[in-house]
Amino acid sequence: MKLLTCNIQGAEQVCVLSADERTVYPVQELGFSDASMNDLIRSFTPEKRKVLEETARQGHPCGVPLSDTQPCAPIPHPVGNVICLGENYMRHAEESYRFQKVDYHGEQPYAVYFDKKVLRAVGDGEPIDGHLDFVTKLDYECELAVILGKDALHVSPEDVHEYLFGYSVANDVSARDVQYRHKQNFLGKSLDSFFAMGPVIVTADQFPCPPALPIRCYVNGELRQDSITNQVFFDIRHIVSELSRCMTLPAATIIITGTPAGVGMGMEPPCFLKEGDVITCEIDGIGRITNTIRSGSAG
């Protein structure tokens, strides 16, 4: 099942997507009170799942053509900061260390966690403000986004699948000059509009845990990143279990699981984004998001 948030006649609506992906059905028109995706996730029940799945298959009079809506990020306003994994794909770790002129020996004994402040996530087709008056080394990172379905605390790796709501596609936009100048990730990752997500959330029951899905990124039509989402040091079972060992992860928390090799800083010479560049991130089975770099377009 695919869920999304879209603008219908000036109002953001949480919707379920039809099986043929041509029609959306606002959940409030189906008798549910959920005003946001966060509300839907927190109130999700087997009974609600059944209604939404039947609507996606069989339709409902409240349906609106997808082409008559404007897409938003599935979760426009994340619960807390987005949790991120650094250097979780080996070849990306190699290019990252090379860019920093640091020797890399292929080892990653512990996961690298950091967070990303997101006031509002950018949806498919929306511009990304590159803050090009401040940023000189703007980069992209295509990633698998994982959304939790219920509060997670002291979860064993074997039970993580019971806590997953679904998956989406994310672009962890990064200012490399800011990131490395400050010797930490938070500021260089958290500028307004530096997180794009969508086009939908695919419920976790559609894939094995962890999913092994082809993941790709294109810049101006040129393939830059090309990998599989299970080619990581630490998979989602490890990530959720380790984090929940010492902190509660609320329902609707977004975790992005790292990016493959092929980012701009990894090219020789490095090739960073500029005004007008078009970035497409896609994961098979979930979908694709396309965003254009603009300066001064946030907010």
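Here the structure is shown first, and the text comes after it.
Visitor: Which residues make up the overall build of the protein, and what values do they have?
Guide: In terms of regular secondary structure, the protein is built from six helices and 18 strands. A compact globule built from 299 residues would reach a C-alpha radius of gyration of about 19 Å, and the protein, at 19 Å, matches this within 12%. Over its C-alpha atoms, taken along the principal directions, the protein stretches across nearly 60 × 45 × 30 Å. Long-range pairs, those at least 24 residues apart, make up 75% of the contacts in the protein between residues at least 6 apart in sequence. A total of about 13000 Å² of accessible surface is found on the protein, and carbon and sulfur atoms cover 49% of it.

Visitor: Can you break down the packing of aromatic side chains residue by residue, with the values?
Guide: Counting across every chain of the model gives three aromatic pairs. Ring geometry for F44 and F165: centres 5.1 Å apart, planes at 85°, overall edge-to-face. With F44 in the loop between α1 (37-42) and α2 (46-58) and F165 in strand β11 (residues 164-172), this residue pair connects regions lying 121 residues apart in the sequence. Accessibility assignment for this pair places F44 and F165 in one class, buried. Here F233 and F234 contribute two aromatic rings whose centre-to-centre distance is 6.4 Å and whose plane-to-plane angle is 45°, an arrangement assigned as tilted. The exposure class assigned to F233 is partly exposed, which follows from its relative accessible area of 27%. Over the face of the ring belonging to Y163 we find K150, whose NZ or CZ atom lies 4.6 Å from the ring centre.

Visitor: Account for the nonpolar core, naming residues and giving values.
Guide: In globular proteins that are soluble, nonpolar side chains generally tend to be buried together. Ranked by internal contacts, the top residues of the largest apolar core, which has 58 residues, are V24, L164, Y167, V240, I255, I279 and I286. With residues up to four places along the chain from it excluded, the contact list for I279 reads Y140, N171, C217, Y218, V219, L273, I289, T290, N291 and I293. Core analysis: the second largest hydrophobic core is formed by 33 residues, C62, V82, C84 and I201 among them.

Visitor: How would you sum up the sheet that holds strand β14 (residues 214-219)? Please name residues and give values.
Guide: Spatial ordering of the open sheet is given by β8-β18-β17-β14-β15, a layout of five strands whose pairing is mixed. Edge strands, defined here as strands with exactly one partner in the open sheet, are β8 (128-129) and β15 (222-228). Where β14 meets strand β17 (residues 278-283), five bridges bridge the pair, whose relative direction is antiparallel. Residue R216 lies in a different strand from β17, and its bridge partner there is E282.

Visitor: Kindly report on the pairing of strand β10 (residues 142-148), identifying the contributing residues and their values.
Guide: Here is the key point about a regular strand: its side chains alternate between the two faces of the sheet. Counting buried residues in β10 gives seven out of seven residues, a clear majority hidden from the surface. Where β10 and β11 come together, seven bridges link them in antiparallel fashion. In the sheet register, E143 faces β11, and the bridge partner there is A170. Bridge count between β10 and strand β16 (residues 254-256): three bridges; the pairing is antiparallel. Across the sheet, residue A145 finds its bridge partner in β16, namely I256.

Visitor: Tell me what's going on with the environment of Q9, and back it up with residues and numbers.
Guide: Structurally, the position occupied by Q9 is in the loop between β1 (2-8) and β2 (11-17). Residue classification places Q9 among the exposed positions, given a relative accessible area of 82%.

Visitor: Now, about helix α6 (residues 236-244): what can you tell me, with residues and values included?
Guide: Among all positions of α6, only I236, I239, V240, S241, L243 and S244 are buried. Taken together, the buried residues of α6 touch β6 (82-86), β7 (112-116), β10, β11 and β16.

Visitor: How would you explain the side chain of K116 if you had to name every residue and give the values?
Guide: The residue K116 is located in strand β7 in this model. Polar side-chain contacts of K116 include one of 2.6 Å to the backbone oxygen of K189. Excluding anything up to four places from it in sequence, K116 contacts N81, V82, C84, D172, V173, K189, S190, F194 and F195.

Visitor: I'd like a rundown of the environment of V263, residues and numbers included.
Guide: Along the polypeptide, V263 turns up in the loop between β16 and β17. Aside from chain neighbours lying at most four places away, what touches V263 is H92, E95, D139, Y140, E141, R176 and Q225.

Visitor: Let's hear about the environment of V155: which residues, and what values?
Guide: Inspection of the secondary structure puts V155 in the loop between β10 and β11. A C-alpha to C-alpha distance of 39 Å links V155 and V278, two positions 123 residues apart in sequence. In this structure V155 touches V160, Y163, S241 and S244, once residues within four positions along its chain are discounted.

Visitor: So what's going on with α2? Which residues, and what values?
Guide: With 13 residues, α2 ought to run about 18 Å at 1.5 Å a step, and its terminal C-alpha atoms sit 18 Å apart, in line with that. Those residues of α2 lying buried are K48, L52, T55 and A56. The buried residues of α2 occupy one face: seen down the axis, they fall within an arc of 100°. In α2, the exposed positions that point more than 90 degrees away from the buried face belong to P46, E47, K50, R57 and Q58. Two residues or fewer after α2 comes G59, characterised by a positive phi angle close to 85°.

Basis of the calculations
Residues numbered from 1 in each chain as written. Predicted model: local features only at pLDDT ≥ 70, side-chain atom pairs only at ≥ 80, totals over all residues. Heavy atoms only, no water. Helix = DSSP H or I, 4+ residues; strand = E, 2+ residues; numbered from the N terminus. Rg over C-alpha atoms; globule rule 2.2 N^0.38 Å. Contact = heavy atoms within 4.5 Å. Areas by Shrake-Rupley, 256 points an atom, 1.4 Å probe, with all protein chains shown as cover. Phe/Tyr/Trp six-rings, centres within 6.5 Å; stacked < 30°, edge-to-face > 60°. Buried < 20%, exposed > 50% of the residue type's maximum accessible area, 1.4 Å probe, protein only. Lys NZ or Arg CZ within 6 Å of the ring centre and 35° of its normal. Core = buried A, V, L, I, M, F, W, Y, C linked by side-chain atoms within 4.5 Å. Pairing = 2+ DSSP bridges. Polar contact = N/O pair within 3.5 Å; in protein donor to acceptor, adjacent residues only side chain to side chain. Expected span 1.5 Å × (residues − 1). Arc of directions from axis to C-beta.

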